[in-house]
Amino acid sequence: MPGNWMRVKPASWKISTLGNQRPRKPVPNKPGACGNRGAGQPGSCKFSDPGNQECGKLGSLETGGMRNQGAEKPVVQKSGAEQMSTNSSSISQFLLLPFADTRELQLLHFCLFLGIYLAALLGNGLIIITIACDQHLHTPMYFFLLNLSVTDIGCISTTVPKSMANSLWDTRAISYTGCVAKLFFFVLLIVTEFCLLTVMAYDRYVAICHPLHYGTLLGSRACVHMAAAAWASGFLNAVLHTANTFSLPLCKGNAVDQFFYEIPQILKLSCSDAYLREIGVIVVNACLDFGCFVFILISYVQIFRAVLSIPSEPGLHKAFSTCLPHLAVDSLFLSTGLIAYLKPPSISSQFLDLVVSFLYSVVPPAVNLLIYSMRNLELKDAVWKLMIGYI
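The following paragraphs examine the structure supplied in this document. (Residues numbered from 1 in each chain as written. Predicted model: local features only at pLDDT ≥ 70, side-chain atom pairs only at ≥ 80, totals over all residues. Heavy atoms only, no water.)

Attention shifts here to the nonpolar core. Phe94, Leu145 and Leu379 are the most contacted members of the largest nonpolar core, which has 70 residues in total. In terms of residue count, helix H6 (residues 176–209) provides more of this core than any other element does, 16 residues in total. Residues within four places of Leu379 in sequence aside, it is in contact with Ile127, Thr130, Ile131, Leu137, Tyr142, Leu145 and Ser373. Ranked by size, the runner-up nonpolar core spans nine residues in total, among them Tyr300, Ile303, Phe304 and Val307. (Core = buried A, V, L, I, M, F, W, Y, C linked by side-chain atoms within 4.5 Å. Buried < 20%, exposed > 50% of the residue type's maximum accessible area, 1.4 Å probe, protein only. Helix = DSSP H or I, 4+ residues; strand = E, 2+ residues; numbered from the N terminus. Contact = heavy atoms within 4.5 Å.)

Okay, helix H5 (residues 140–169) next. Taking 1.5 Å of rise per residue, 30 residues should cover 44 Å, and H5 covers 44 Å from first to last C-alpha, within 8% of that figure. For H5, the principal kink sits at Ser157 and spans about 35 degrees; a proline, Pro161, occurs within the next four residues. A positive backbone phi angle near 55 degrees is found at Asp170, which sits one or two residues after H5. (Expected span 1.5 Å × (residues − 1). Bend = angle between axes of the 7 residues up to and from the residue.)

Over its 31 residues, helix H4 (residues 103–133) extends 44 Å from the first C-alpha to the last, a length consistent with the 45 Å expected when each residue adds 1.5 Å. Listed as buried for H4 are Gln106, His109, Phe110, Phe113, Tyr117, Ala120, Gly123, Asn124, Gly125, Ile127, Thr130 and Ile131.

Here the focus is the environment of Lys252. Within the secondary structure, Lys252 is located in the loop between helix H8 (220–246) and helix H9 (263–267). Non-local contacts of Lys252, meaning those with residues more than four positions away in its chain, are made with Lys268, Leu269, Ser270 and Cys271.

So yeah, pure geometry; function would need other evidence.
Here is the structure:
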């Protein structure tokens, strides 16, 4: 049937033709030598060609580049706290505030502080040696006075010598480690000194108002315990304040607006809200110090009342001439310390900060020598005997 043959023959011919057809090599597209790239396979050719060396080189280069890019470490963005901690740890020194800018005033400051320091050092050192060597002075009052002289020497030695050296050599720098160490000892000695002043007020109260119970209330063991408690209070405060202060991130520079290392001035360099923790500790300590001052005030009021009941005029003069300077120095010490640590930043100025800090850190150690020692005839006689004996 002609019609059927015409319908079937093209299909069979087409099949036979496809079966006998040889596969032809594909021609890569121009202009690239590698031709079309397979999807998801960068750097490789869609059709492999062993003779195409350029394709192999380009493919290996691109593949290696992709591997190197994948091996790169990602850039980690530091948080704000980590950046502040890095800034704090990068501080190697602090810059203290100079007393004067001109060379003449710097030398004048050096000479003034040198005179104050030598007077405090020699006077308190002489008291310590005299009390330790004279058996007649081994009483509770002189035992506490010996401890007070030790704290006075230490307190003035942590602030004045560095300030003198900066003025003499026209520098401001102090190392980070040195600042931490000096701040620790300053807080230790200043807190211990105020505790000793409180204990000494109690000693005078018992000696004048309850003389018959003096040996019982202030025996040798009780005196040692009270002195140890004063030093332990200073040590705990020093550890707490130093750890809190220097654990803060300091990212506002390294210039301290004070002639020595004062906690409020260092807190100004912090840009973290964690400084409120140290402020809270300062407020609690200020309340405790104010409580100690109230105890001192009550003790001296009771002493005045007991002395006023005595009709002897020389006794009245001696009591008032002794107790009033004690109370005046204690008031100056506490009031200026509270102003330095609790004053708001709005009323802060460099001149006010310098004056207040000088009044509570330099004046009491130098004045205590005159108030507690030079007006004491028994101590003065012991000092003269000691000096004559060595001469």
